[in-house]
Amino acid sequence: MEHEITLVVNGAARRVRVPARRLLSDCLRHDLGLTGTHVGCEHGVCGCCTVLLDGEPVRSCLTFAVTVDGREITTVEGLAGPDGLSPVQRAFAECHGLQCGFCTPGFLCTVTAFLEANPVPTEEEVLEGISGNLCRCTGYQNIVKAVHRAAELMAEEA
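Residues numbered from 1 in each chain as written. Predicted model: local features only at pLDDT ≥ 70, side-chain atom pairs only at ≥ 80, totals over all residues. Heavy atoms only, no water.

An unreviewed UniProt entry lists the protein chain under the name Carbon-monoxide dehydrogenase small subunit, with Nonomuraea wenchangensis given as the organism. Its UniProt record gives the protein chain the following Pathway (unreviewed entry) comment, quoted word for word: "Alkaloid degradation; nicotine degradation." (UniProt positions renumbered as here; feature names shortened; annotations may be inferred.)

Dropping the structure here:
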């Protein structure tokens, strides 16, 4: 049985018919064509599939699409504004906080929500804030630098 749901994705209302068991990650990627959300472990461990649900980071590989009917979802495609990349995206590029890029969408969504809640984080808070996202390439040093740089850029814009 399929259900018709409406998702507000990156500011636009999108109607889609999905089976009850369709994961949000699959709905975003396959039904809506938003392939920026990556699927890594399919167990919610790696964080690659992280999106923002009403501004809070969630694992889209653990969330059924029907459970978020009518809610606001921000994917990596929706982080940039009309003037270009978001401060978090700019900081990751500037600080080389990515290599292969597979984990990057999840990190960008996680860090965006983290810095909204904690605009001036300590080193320890940054490490805790990104601890739910795994990267197999970078060793995290440049990701941590990027989080601090994003905080600086956000403060400059405020």
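Taken in spatial order, the five strands of this open sheet run β2-β1-β5-β3-β4, and their pairing is mixed. A single partner strand is all that each edge strand has here, and the edge strands are β2 (12–19) and β4 (56–59). The sheet shows a mean angle of 45° between the axes of neighbouring strands, direction not considered. As defined by bridge partners, strand β1 (residues 2–9) adjoins strand β5 (residues 72–74) across two bridges and the pair is classed as parallel. Its bridge partner being in β5, Val9 is matched across the sheet by Ile73. Set on the sheet, helix α1 (residues 24–31) makes contact with β1, β2, β3 (50–53) and β5; between it and β2 the angle comes to about 110°. Here helix α3 (residues 104–117) sits on the sheet and contacts β3, β4 and β5; the angle it forms with β3, its principal contact strand, is near 35°. (Pairing = 2+ DSSP bridges. Helix = DSSP H or I, 4+ residues; strand = E, 2+ residues; numbered from the N terminus. Axes fitted to C-alpha atoms, helices over the stretch in contact; angles between N-to-C directions. Contact = heavy atoms within 4.5 Å.)

Moving on: the nonpolar core. In terms of nonpolar packing, the biggest core is built from 27 residues, with Val88, Phe92, Phe107, Val111, Leu115, Ile130 and Val147 touching the most fellow members. Mapped onto this core, the elements with two or more residues apiece are α2 (87–94), α3 and α5 (141–157). Two domains share this core, each providing at least three of its residues, namely domain 1 (2–77) and domain 2 (87–157). For Ile130, the residues in contact, after removing those within four places along its chain, are Phe107, Val111, Tyr140, Ile143, Val144 and Val147. By size, the runner-up hydrophobic cluster in this structure holds 16 residues, among which are Ile5, Leu24, Cys27 and Val51. (Core = buried A, V, L, I, M, F, W, Y, C linked by side-chain atoms within 4.5 Å. Buried < 20%, exposed > 50% of the residue type's maximum accessible area, 1.4 Å probe, protein only. Domains from an automatic or database assignment.)

Another aspect to go through is the domain arrangement of the protein chain. Entries for the protein chain in the domain assignment read domain 1 (2–77) and domain 2 (87–157). The distance between the C-alpha centroids of domain 1 and domain 2 comes to 22 Å. Contact residues are listed per partner, giving 17 residues for domain 1 and 14 residues for domain 2. For the pair domain 1 and domain 2, the summed buried surface comes to about 1,100 Å²; carbon and sulfur atoms form 65% of the total. On inspection of domain 1 and its partner domain 2, the count reaches zero salt bridges. Those elements giving two or more residues to the side of domain 1 that touches domain 2 turn out to be β3 and β4. Sorting elements by how many residues they give to the side of domain 1 that touches domain 2 places β3 first, with three residues. Here the residues of the side of domain 1 that touches domain 2 are counted per class, giving eight nonpolar, eight polar and one charged. (Buried area = accessible area lost by both parts, 1.4 Å probe. Salt bridge = Lys/Arg side-chain N within 4 Å of Asp/Glu carboxyl O. Nonpolar A, V, L, I, M, F, W, Y, C, P; charged D, E, K, R; others polar.)

Computed from the structure, the largest pocket encloses a volume of approximately 180 Å³. As for the largest pocket, its lining consists of Gly40, Cys46, Cys48, Cys100, Phe102, Cys103, Leu134, Cys135, Arg136 and Cys137. Residue classes in the lining of the largest pocket are distributed as eight nonpolar, one polar and one charged. Here the lining of the largest pocket gathers at least three residues from each of two domains, domain 1 (2–77) and domain 2 (87–157). (1 Å grid on protein atoms, 1.4 Å probe; cavity = no way out; pocket = protein on both sides within 12 Å on 5 of 7 lines; lining within 4 Å. Points joined across faces, edges and corners; volume = space filled by probe spheres on them.)

Okay, the side chain of Ser86 next. Residue placement: Ser86 occurs in the loop between β5 and α2. Setting aside chain neighbours within four positions, we find Ser86 in contact with Leu79 and Ala80.

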